[in-house]
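# Working through the structure, step by step
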Amino acid sequence: MVGSAPTAYQHPEIETLDRAALEALQDRKLRALGERLAQSREWVEHFASFGMKPDDLRDRGSLRGVAMLEKSALRARYPFPFLTVPMHRVARFCATSGTTGLPVMFGYTQRDVTTLMAFQMSRLLRAAGVEPGERVYQGYGYGLWVGGVVMDWGLLAYGCTNFGIGPGRADAVVQWLRDHRYSSCTMSPLWLMTLVNAAKSQNIDPKRDWTLRLGLFGGQSVSAAFRTELEAEMPIGFVAQNIYGSTESGGPNHAISCRHSHDTDQMHLINEDTILSEIVNPQTLEPVVPGETGEIVFTTLEREASPVVRWRTRDLVKLADDPYGCACGRRAFPLIGRIVGRTDDMLKVRGSMVFPSQVEDCIASLPSTVNEAWQIYIDRDDRVLEELVVAVERRHTASQSADDLRDALERSISARLGIRVRVEVEPEGSLPRYEAKATRVLVRK
Ligand SMILES: [Zn+2]
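Keep in mind that this is a model prediction, so the values were computed, not measured. Residue numbers here run from 1 along each chain, matching the order of that chain's written sequence. The predicted origin of the model limits local features to residues at a pLDDT of at least 70 and limits the giving and counting of side-chain atom pairs to 80 or more, whereas totals for whole chains, interfaces and linings rest on all residues. Heavy atoms throughout the structure, all of them, feed into the side-chain values; hydrogens and water do not.

This paragraph deals with the overall build of the chain. Summing up its helical and strand segments, the chain has 13 helices and 21 strands in all. Radius of gyration: C-alpha atoms only; globule rule: 2.2 Å multiplied by the number of residues to the exponent 0.38. For 445 residues, the compact-globule estimate of 2.2 N^0.38 gives 22 Å, and the C-alpha radius of gyration of the chain, at 22 Å, lies within 12% of that figure. With respect to the three principal axes, the spread of C-alpha positions in the chain is 65 × 55 × 40 Å. Whether two residues are in contact is decided by their heavy atoms: any pair within 4.5 Å suffices. Sequence-distant contacts in the chain: of pairs separated by 6 or more residues, those separated by 24 or more amount to 69%. Summed over all atoms, the accessible surface of the chain reaches about 18700 Å², with 51% contributed by carbon and sulfur. Here the chain contributes 53 positively and 56 negatively charged side chains, and the mean placements of these two sets differ by 2 Å. Per the convention used, a helix needs a DSSP run of H or I reaching at least four residues, while a strand needs a run of E reaching at least two, with both numbered from the N terminus. Areas reported as accessible are Shrake-Rupley estimates using a 1.4 Å probe. Residue values count occlusion only from the protein chains shown. We treat Lys and Arg as the positive residues and Asp and Glu as the negative residues; His and chain ends play no part in the count. A single reference atom marks each charge: NZ on Lys, CZ on Arg, CG on Asp, CD on Glu.

Following this line, the structure appears as structure tokens:
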């Protein structure tokens, strides 16, 4: 547990509901959503494609009959898919990252911005341990990406002093972290590690010269060991909280770790009353039971301009063994583990399912490796494989020899994942670095 202050709820009337009461609230909102979607030609057409009408949506039971919403359905309705209000009511657009094809546009009405996002983000910031009035270094990117702009709206609504710097400008930021005395920050965890190294090269000691006590880290999934390493570089008592969200959910608004779930590396689905989540087996699409891993599928209950119904995130998480038992008392807001991978990232090696994040966990547990630089090489663009090559860097200060490191990592991966891999050990600094999203699996012919 982090600190000893009593848990503060932003919305106690909702955050202390039991699960049955919360599900009753979701049922009422699903009915209202169905009535709203019934006014939209695109949604009526979409529901007709699986033999339903939007106002058949009455409750959680009828939601199970709705087909999953896939990216292809959004692309087919280019340029403004499923826009559910007239264009003049859209106040702002954000967009997906567009790593494959053009970004997909998602709108916000004025109410979405000032009421819904303010509500969702204030609750999330409170749950993470941010206090109103704090100085916050906002390091998520701006432009069409949801990260920076939605965090701005949240910090404004919650009452923080926001330094909306975004990523980049490391040389200035490492000094501002000392001179502006930020106490919280939001950014990619890889970016903070870059800043730590930049600070040291300017003779700034983050542990002593910075005043950060809390960070919200998302946009990039890293191992628990990497998070621990990051915390160790920061001032004593610094806590790294995990945050999760997406353009489709409306921003970094979907899940957050609380002061209790931080220690078990789990997050609450913190806005269940406005973002209804299901965790399903990606093959059968049936709900998983506690302790199982599945894909997050969600429905935005109140978003006006660009709602989604049963959006398939492709993100895989483990539903906690005891999802409703967190000591913070949020009994209706299930706990999930960190994102273990994407259904598209899954590799099949001689019949075993392997996610790059599992390989990362093995790498990060060996002190001789450089945590942020590693690669998986496959010999053809096919996810069903005979062999994997894992390339890591050996720290130049490591006492372990390259041969010993290779043997240790091959043994660790074999023991934990049940597959044999070939490990290549490279000198520190020789593998690719990524500023934002890392591409961990590369085809090497
Ligand atoms: Zn909790």
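Start and end points for every domain follow an automatic or database-based domain assignment. Looking at the assigned domains, one finds that the chain contains domain 1 (12-16 + 108-343) and domain 2 (346-443). A straight line from the C-alpha centre of domain 1 to that of domain 2 covers 27 Å. Taken residue by residue, the interface counts 16 residues in domain 1 and 13 residues in domain 2. Approximately 1100 Å² of surface area, both sides summed, lies buried where domain 1 meets domain 2, with 47% of it carried by carbon and sulfur atoms. Polar contacts here mean pairs of N or O atoms no more than 3.5 Å apart (in protein, one a potential hydrogen donor and the other a potential acceptor; neighbouring residues in sequence count only if both atoms are side-chain atoms). At the junction of domain 1 and domain 2, the tally comes to 2 residue pairs in polar contact (both at pLDDT 80 or more). Sorting the residues of the side of domain 1 that touches domain 2 by element identifies helix 9 (189-201), helix 11 (224-233) and strand 14 (341-342) as the ones contributing at least two each. Examining the composition of the side of domain 1 that touches domain 2, we find that 4 residues originate from one element, helix 11, more than from any other. Note on residue classes: Ala, Val, Leu, Ile, Met, Phe, Trp, Tyr, Cys and Pro are nonpolar, Asp, Glu, Lys and Arg are charged, and everything else, Gly too, is polar. When grouped by side-chain class, the residues that make up the side of domain 1 that touches domain 2 number 7 nonpolar, 7 polar and 2 charged. Buried area is understood as the total, over both parts, of accessible area removed when two parts are fitted together, assessed with a 1.4 Å probe.

Right, let's get into the coordination of the zinc ion. The zinc ion binds to the protein through Cys258 (SG), His268 (NE2), Cys326 (SG) and Cys328 (SG); the donor distances cover 2.1 to 2.3 Å. Coordination partners: N, O, S within 2.8 Å of the metal, 3.2 Å for Na, K and Ca; water not considered, so apparent gaps in a site are possible. Here a site with four donors is tetrahedral if all angles are between 85 and 135 degrees, and a site with four or six donors is square planar or octahedral if opposite donors are over 155 degrees apart and the other angles are between 65 and 115; anything else gets the irregular label. Bound by 4 donor atoms, the zinc ion shows angles of 102 to 121 degrees at the metal and therefore tetrahedral coordination geometry. In primary-sequence terms, the residues that donate to the zinc ion follow C-x9-H-x57-C-x1-C. Taken together, the positions of cysteine 258 in the loop between strand 8 (251-256) and strand 9 (266-269) and cysteine 328 in the loop between strand 12 (311-318) and strand 13 (335-337) put the pair 70 residues apart, joining distant regions of the chain.

Should DSSP find at least two bridges between two strands, the strands are regarded as paired. Strand order in the open sheet formed by 4 strands is 20-19-17-21, and the pairing between neighbours is mixed. The open sheet has two edge strands with one neighbour each: strand 20 (422-427) and strand 21 (441-443). The mean inter-strand angle of the sheet, taken between neighbouring strand axes irrespective of direction, is 30 degrees. Looking at chain direction, strand 17 (residues 369-378) and strand 21 are connected through 3 bridges and run parallel. Residue pairing in the sheet places isoleucine 378 in a bridge with valine 443 of strand 21. Angles shown run from 0 to 180 degrees and are taken between the N-to-C directions of axes, each axis being a line fitted to C-alpha atoms and, for helices, limited to the stretch in contact.

One open sheet accounts for 8 strands, arranged 4-3-5-6-7-8-9-13; its pairing is mixed. Each having just a single partner strand, strand 4 (161-163) and strand 13 make up the two edges of the open sheet. With direction set aside, neighbouring strand axes in the sheet form an average angle of 35 degrees. Relative to strand 5 (residues 184-187), strand 3 (residues 135-138) runs parallel, the two being bridged by 3 bridges. Note on strand 5: the bridge partner recorded for glutamine 138 is threonine 186. Contacting strand 3, strand 4, strand 5, strand 6 (214-217), strand 7 (239-246) and strand 8, helix 7 (residues 146-158) crosses the sheet at an angle of about 75 degrees to strand 8. Relative to the sheet, helix 9 contacts strand 3, strand 5 and strand 6, its axis offset from that of strand 5 by approximately 120 degrees.

Right, let's talk about the side chain of glutamine 120 for a bit. Examined against the element boundaries, glutamine 120 turns out to sit in helix 6 (residues 110-128). Note on exposure labels: buried denotes an accessible area under 20% of the residue type's maximum, exposed denotes more than 50%, and partly exposed covers the range between, all computed with a 1.4 Å probe on protein chains only. You can call glutamine 120 buried: its relative accessible area is 2%. Setting aside residues up to four positions removed in sequence, glutamine 120 forms contacts with Asn253, Asn271, Thr274 and Ile275.

Counting through the fold element by element, methionine 234 comes out in the loop between helix 11 and strand 7. Once the C-alpha coordinates of methionine 234 and threonine 211 are considered, the two residues, 23 residues apart in sequence, prove to be 8.6 Å apart. With residues up to four places along the chain from it excluded, the contact list for methionine 234 reads Leu192, Val196, Pro206, Lys207, Trp210 and Leu212.

Before going further, it helps to spend a moment on empty space enclosed by the protein. Within this scheme a cavity is a closed region of a 1 Å grid, computed over the protein atoms alone, that accommodates a 1.4 Å probe without allowing it to escape, whereas a pocket is open but has protein on both sides within 12 Å along at least five of seven lines; lining residues each have an atom within 4 Å of a point. Grid points are joined across faces, edges and corners, and a volume is the space filled by probe spheres set on the points. All chains considered together, the criterion is met by 1 cavity of 30 Å³ or more. If you trace the largest cavity, you find it lined by Leu69, Leu74, Pro81, Phe82, Phe106, Ser306, Pro307 and Val308. Across the lining of the largest cavity, the residue classes break down as 7 nonpolar, 1 polar and no charged.

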